Amino acid sequence: MTKKTAPIQGEGDYEAARRYNERTTAFVANAPVAPSAAPQSEAEAQELLQAEREGAGRSRAGGQDRHDAEEMARLEKEAPLHSDDAQR
């Protein structure tokens, strides 16, 4: 029996994914903003924050996605989109 040097990782390399996520998070947190992308005034900064809040308020929660998937499956059973689906 050979000694394993790394744990079983299945579909991916968990250690590499962890390192990638840590480095990406650090980069995004510390990345410089291009001068042309930065707000040019306090009023523009407030406008951008308000737009971000409004957009986040319309974002879906995970439960909504699950609901949509279940509803789509139900509708497909009632009226299949393809003729071969009707035979199932």
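Residues numbered from 1 in each chain as written. Predicted model: local features only at pLDDT ≥ 70, side-chain atom pairs only at ≥ 80, totals over all residues. Heavy atoms only, no water.

1. A short note on the overall build of the protein
Then, in step 1: Counting its regular elements, the protein contains four helices and zero strands.
Then, in step 2: The order of α-helices and β-strands along the protein, N terminus first, is α-α-α-α.
Then, in step 3: Taken over 88 residues, the protein has a buried fraction of 2%. (Helix = DSSP H or I, 4+ residues; strand = E, 2+ residues; numbered from the N terminus. Buried < 20%, exposed > 50% of the residue type's maximum accessible area, 1.4 Å probe, protein only.)

2. Observations concerning the environment of Gln 40
Then, in step 1: Counting through the fold element by element, Gln 40 comes out in the loop between α1 (14-30) and α2 (42-57).
Then, in step 2: What makes Gln 40 exposed here is its relative accessible area of 58%.
Then, in step 3: Engagement of the side chain of Gln 40 in a polar contact is seen with the backbone oxygen of Ala 38, the distance being 2.9 Å. (Polar contact = N/O pair within 3.5 Å; in protein donor to acceptor, adjacent residues only side chain to side chain.)

3. Overview of α1
An α-helix turns once per 3.6 residues; consequently, residues spaced three or four apart project the same way.
Then, in step 1: With 17 residues, α1 ought to run about 24 Å at 1.5 Å a step, and its terminal C-alpha atoms sit 24 Å apart, in line with that.
Then, in step 2: Between the side-chain oxygen of the N-cap and the backbone nitrogen of Glu 15 there are 3.2 Å, and the N-cap of α1 in question is Asp 13. (Expected span 1.5 Å × (residues − 1).)

4. Digging into the confidence of the model for the protein
Then, in step 1: On average, the protein scores 77 in pLDDT, and the residues at 70 or more come to 73%.
Then, in step 2: Predicted confidence in the protein is weakest over helix α4 (residues 83-86), with a mean pLDDT of 53, and strongest over α1, with 89. (pLDDT = per-residue confidence, 0-100.)

5. Some thoughts on the pattern of salt bridges
Then, in step 1: Within the structure shown, the criterion is met by five salt bridges.
Then, in step 2: Taking the shortest distance from any N to any O, the salt bridge between Glu 15 and Arg 19 comes out at 3.9 Å. In this pair, Glu 15 and Arg 19 are both assigned in helix α1, four residues apart and thus about one turn of the helix distant.
Then, in step 3: In this structure, Arg 18 engages Glu 22 in a salt bridge whose closest nitrogen and oxygen atoms are separated by 2.8 Å. Pair noted here: Arg 18 and Glu 22 are both in helix α1, with a separation of four residues, about one helical turn.
Then, in step 4: The class of Arg 18 is partly exposed, set by a relative accessible area of 36%.
Then, in step 5: Among the charged side chains, a salt-bridge network with shared partners connects Glu 15, Arg 18, Arg 19 and Glu 22. (Salt bridge = Lys/Arg side-chain N within 4 Å of Asp/Glu carboxyl O.)

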